[in-house]
Amino acid sequence: MKLNPDFIVHKMDGETVLIPTANAPFHGLIQGNESVEVILECLSEDVTQDEIVDEMCRRFRGDRALIEEDVADVIARLDSIGAIQR
Amino acid sequence: MNEKTKNAVYDLLYLLSCAVNGEAPDKARCEKMDLSEVYSLSQYHMLTSAAAFALEKSIELPREFDQAKKKAIRKLALFEIERAKILAAFEKNGIWYLPLKGILLAKTYPKAAMREMCDNDILCDSGKMQDVRDIMESMGFTCDLFGQFNHDVYSKPPSIEFEIHHNLFDSDMPRFVDYYTDVISRLKKDGNSSFGYRFSDEDFYIFMLCHMYKHYINAGTGLRSLLDLYVFNRSHRAKLDLEYVAQELKTLGIEEYERSVRNLADKAFGQEGSDVSESEELEYFVFSGYCGTEGNANYNYLNKQLGGDDSGSSKRKYLLRRIFISGDDLRKSYPFFYRHKALYPLLLIYRPIKGAVTHPKGIAAECKRLKGFKVKE
């Protein structure tokens, strides 16, 4: 899976935001913390959910099971707005 | 100003002051505000996002403020993304450019998204406007206006608009046009690019005042321009060459104007509190909104055309100039007859007939305005 090209990741005011363009099925705004930033970075290429979890475990300290849950939650939210391409 | 509006004005000024000075507004005061009035007023001035940034520090943000803030963030991001592509294309094609106004002012705010904007303004090499048009259209922009005024307009969904300027001012501001002839001699190279330019901070401030003044004497200008002035001075004034700035403002004839609006901005947004007593000047800003009003534009236009003289003879002379259109007005409105002056008598027949058919009410309204025009004391 990867990020739908109709969504653009942009950094401003020190925050990462996910911006839907005119063609996107969603017309709002996603603002994220550091972990969302890493997940979006991973999704710039075709990756599996496990690969994203591996990268998150490399960058952040924490229980793998909890990280898996967080990643699954973010992916589900991005999926629900059409931001994921499979 | 009625009491409801006055309270909304003072509450909005308070929130904006908190936003740009990095303070949390008093929670009890926020809870007493008529937030629907504050919201309406902030929308009229494109300041809802800035107010939201302040409010959210003290209370749960009402939905409409939250939506406005998110919309501002989204729009700003889209502008930044599109602008990066456009300027990269200008670099590739050797077109010099100068980003203007809101593009740079947003960076002086504590959060760029506090500074809402409906378009991005860029000055370009006036000899390359067709090349610019080709670039913009190749990027999916629609050209909405080309070659008529001092800027061309390009738009793209969702509501992204770029104004590409050939000149900084149009012929209706001759003093400013003269000052900015050969504008590139006043610019510095932007170190990060080959064809990008910037003003010095002093010259940016001077241009900001000129632009603000232009709107002020026409349709009016709102609280956002006053806030821009405050924010810029707060972050830059201590480092400016004030002697140079004063000299240039004097050359431009707006030294008094700058002093007056700067003082008003300091009183409205300064950390000492919004100490703005009954102020006619503030009222003018409040009722103008971010794009001015038709009422202001009509009054200021007539006042300028009549030279501040509302006598019958002055009005008759103006009417004759309107009927026997010439000069710049002819060039802009009827370029064909401007180029073929031998056919001008035909225009004198064509115009009244066209007017009577296409906009008789507009003509009647203009005549009524002229008849009833009185210079304000």
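Residues numbered from 1 in each chain as written. Chains lettered and ligands numbered in written order. Predicted model: local features only at pLDDT ≥ 70, side-chain atom pairs only at ≥ 80, totals over all residues. Heavy atoms only, no water.

*Asks:* Quick question: what am I supposed to make of the interface of chain A and chain B here?
*Replies:* How big an interface is tends to be stated in terms of accessible area lost as the parts join. Contacts between chain A and chain B engage 14 residues on the former and 13 residues on the latter. Both sides of the chain A and chain B interface together cover about 1100 Å² of buried area, and 68% of this is carbon and sulfur. Three residues, M12(A), D13(A) and L29(A), lead the burial of chain A against chain B; their summed loss comes to 42% of the area buried on that side. Across the chain A-chain B interface, the total number found is zero salt bridges. The interface formed by chain A and chain B contains four residue pairs in polar contact (both at pLDDT 80 or more). Elements with a minimum of two residues in the side of chain A that touches chain B: β2 (7-12) and β3 (15-20) of chain A. (Contact = heavy atoms within 4.5 Å. Buried area = accessible area lost by both parts, 1.4 Å probe. Salt bridge = Lys/Arg side-chain N within 4 Å of Asp/Glu carboxyl O. Polar contact = N/O pair within 3.5 Å; in protein donor to acceptor, adjacent residues only side chain to side chain. Helix = DSSP H or I, 4+ residues; strand = E, 2+ residues; numbered from the N terminus.)

*Asks:* Mind showing me how you'd approach unusual backbone geometry here?
*Replies:* Trans peptide bonds make up the majority, and among non-glycine residues the majority have a negative phi. All names here are of chain B. Look at the link from P157 to P158: it is a cis peptide, with omega at -5 degrees. Summarising the element assignment, P158 is placed in the loop between β4 (151-156) and β5 (160-165). Backbone geometry at D182 places phi at a positive 55 degrees, although glycine is not the residue there. Relative to the helices and strands, D182 is located in the loop between α8 (174-179) and β6 (188-189).

*Asks:* Even after reading the chapter, I still don't get the layout of surface pockets, so can you show me in this structure?
*Replies:* If a probe the size of a water molecule is rolled over the atoms, the empty space left behind becomes visible. Residue and element names in this part refer to chain B. Each pocket or cavity is described by its volume, and for the largest pocket that value is around 1700 Å³. Lining the largest pocket are 40 residues, with Y301, Y318, R322, D329 and S333 sitting closest to its centre. Of all the secondary structure elements, the ones that give two or more residues to the lining of the largest pocket are α9 (201-216), α14 (294-305), α15 (312-323), α16 (327-333), α18 (344-358) and α19 (360-372). Taken together, the residues that form the lining of the largest pocket break down as 17 nonpolar, 11 polar and 12 charged. Two domains each provide a minimum of three residues to the lining of the largest pocket, namely domain 1 (84-267) and domain 2 (303-372). (1 Å grid on protein atoms, 1.4 Å probe; cavity = no way out; pocket = protein on both sides within 12 Å on 5 of 7 lines; lining within 4 Å. Points joined across faces, edges and corners; volume = space filled by probe spheres on them. Nonpolar A, V, L, I, M, F, W, Y, C, P; charged D, E, K, R; others polar. Domains from an automatic or database assignment.)

*Asks:* Which parts of the structure should I look at to understand the pattern of salt bridges?
*Replies:* Between side chains of opposite charge, pairing is possible as soon as their charged atoms come close. If you walk through the whole model with that rule in mind, you get 26 salt bridges over all chains. Across the salt bridge formed by D73(A) and R77(A), the nearest N and O atoms sit 3.9 Å from each other. Of this pair, D73(A) and R77(A) both sit in helix α3 (residues 64-80), separated by four residues, roughly a single helical turn. Assessed through its relative accessible area of 42%, D73(A) is described here as partly exposed. For D328(B), the salt bridge is made with R331(B), and the minimal N-O distance between the two is 3.0 Å. (Buried < 20%, exposed > 50% of the residue type's maximum accessible area, 1.4 Å probe, protein only.)

*Asks:* Would you mind showing me how to read α14(B) here?
*Replies:* Residues and elements named next belong to chain B. Under the 1.5 Å per step criterion, the end-to-end length of α14 is 16 Å for 12 residues, consistent within 8% with the ideal 16 Å. Residues of α14 that are buried in the fold lie against α9, α13 (280-288), α15 and α19. With its phi angle positive at about 60 degrees, G307 sits one or two positions after the end of α14. (Expected span 1.5 Å × (residues − 1).)

*Asks:* Please clarify how the state of the cysteines should be interpreted in this entry.
*Replies:* Disulfide: a covalent bond connecting the sulfur atoms of a pair of cysteines. Residues and elements named next belong to chain B. Under the defined criterion, the tally for this structure stands at zero disulfides over all chains. This cysteine, C143, is not joined by any disulfide, and C124 carries the nearest cysteine sulfur, 13 Å off. Residue classification places C143 among the buried positions, given a relative accessible area of 17%. (Disulfide = S-S within 2.5 Å.)

*Asks:* Hey, could you run me through a nonpolar patch on the surface in this one?
*Replies:* Residue and element names in this part refer to chain B. A contiguous nonpolar surface patch, about 590 Å² in accessible area, is contributed by F336, L343, L346, I349, I353 and V357. Top contributing element to the nonpolar patch by residue count: α18, with four residues. Note that L346 resides in helix α18. (Patch = residues over 30% accessible without salt bridge, like charges linked within 9 Å, V, L, I, M, F, W, Y side chains within 5 Å. Areas by Shrake-Rupley, 256 points an atom, 1.4 Å probe, with all protein chains shown as cover.)

*Asks:* Looking at this structure, I do not really get the nonpolar core. What am I missing?
*Replies:* Nonpolar side chains in soluble globular proteins tend to end up buried together. Ranked by size, the top nonpolar core spans 105 residues in total, and within it F90(B), Y180(B), F199(B) and L226(B) carry the most contacts. With near-sequence residues (within four places) excluded, L226(B) lies in contact with M212(B), V261(B), L264(B), A265(B), F269(B), L282(B) and F285(B). Counting 23 residues, the second largest nonpolar core, distinct from the first, contains L18(A), I39(A), M56(A) and I84(A). (Core = buried A, V, L, I, M, F, W, Y, C linked by side-chain atoms within 4.5 Å.)

*Asks:* Is there a simple way to think about the pairing of β2(A) in this case?
*Replies:* Residue and element names in this part refer to chain A. As defined by bridge partners, β2 adjoins β3 across six bridges and the pair is classed as antiparallel. Directly across from H10, in β3, lies its bridge partner V17. Between the antiparallel neighbours β2 and β3 lie two residues, among them D13 with a positive phi of about 50 degrees. (Pairing = 2+ DSSP bridges.)

*Asks:* Please explain the sheet that holds β2(A) as it appears in this structure.
*Replies:* Hydrogen bonds between backbone groups are what pair the strands of a sheet, and the pairing can be parallel or antiparallel. All names here are of chain A. Strand order in the open sheet formed by three strands is β2-β3-β4, and the pairing between neighbours is antiparallel. Strands with a single pairing partner mark the edges of an open sheet, and in this sheet they are β2 and β4 (30-32). Averaged over all adjacent pairs, the angle separating strand axes in this sheet is 25 degrees, with direction ignored. Against the sheet, helix α1 (residues 34-42) engages β2, β3 and β4, with an angle of about 50 degrees to β3. (Axes fitted to C-alpha atoms, helices over the stretch in contact; angles between N-to-C directions.)

*Asks:* For this particular structure, what's the right way to read the packing of helix α4 (residues 48-55) of chain B against helix α5 (residues 63-92) of chain B?
*Replies:* Describing two packed helices takes the angle between their axes plus the distance from one axis to the other. Residue and element names in this part refer to chain B. At a minimum axis separation of 8 Å, α4 and α5 run at an interaxial angle of 120 degrees. Of the two possible hands of crossing, α4 and α5 adopt the one that is left-handed. Side by side, α4 and α5 meet where T48, S49, A51, A52, F53 and L55 of the first sit next to F65, A68, K69 and A72 of the second. Residue classes in the contact of α4 with α5 are distributed as seven nonpolar, two polar and one charged. (Left-handed = near helix turned anticlockwise from the far one by under 90°.)

*Asks:* Explain the side chain of S314(B) to me, please; I cannot follow it from the model alone.
*Replies:* Residue position: S314(B) is located in helix α15. Beyond its immediate stretch of four places on either side in the chain, S314(B) contacts L306(B) and D309(B).

*Asks:* Is there a simple way to explain the sheet that holds β5(B) in this structure?
*Replies:* All names here are of chain B. The mixed open sheet is built from five strands, whose spatial order is β1-β2-β5-β4-β3. Edge strands, defined here as strands with exactly one partner in the open sheet, are β1 (97-99) and β3 (142-145). For this sheet, the mean inter-axis angle between neighbouring strands, taken without regard to orientation, is 30 degrees. The pairing of β3 with β4 spans three bridges and is antiparallel. In the strand pairing of β4, T142 is matched with S155. The strands touched by α5 within the sheet are β1, β2 (120-124), β4 and β5, with β5 carrying the most contacts at an inclination of about 40 degrees. Along the sheet face, helix α7 (residues 129-138) touches β2, β3, β4 and β5 and points at about 5 degrees away from the line of β4.

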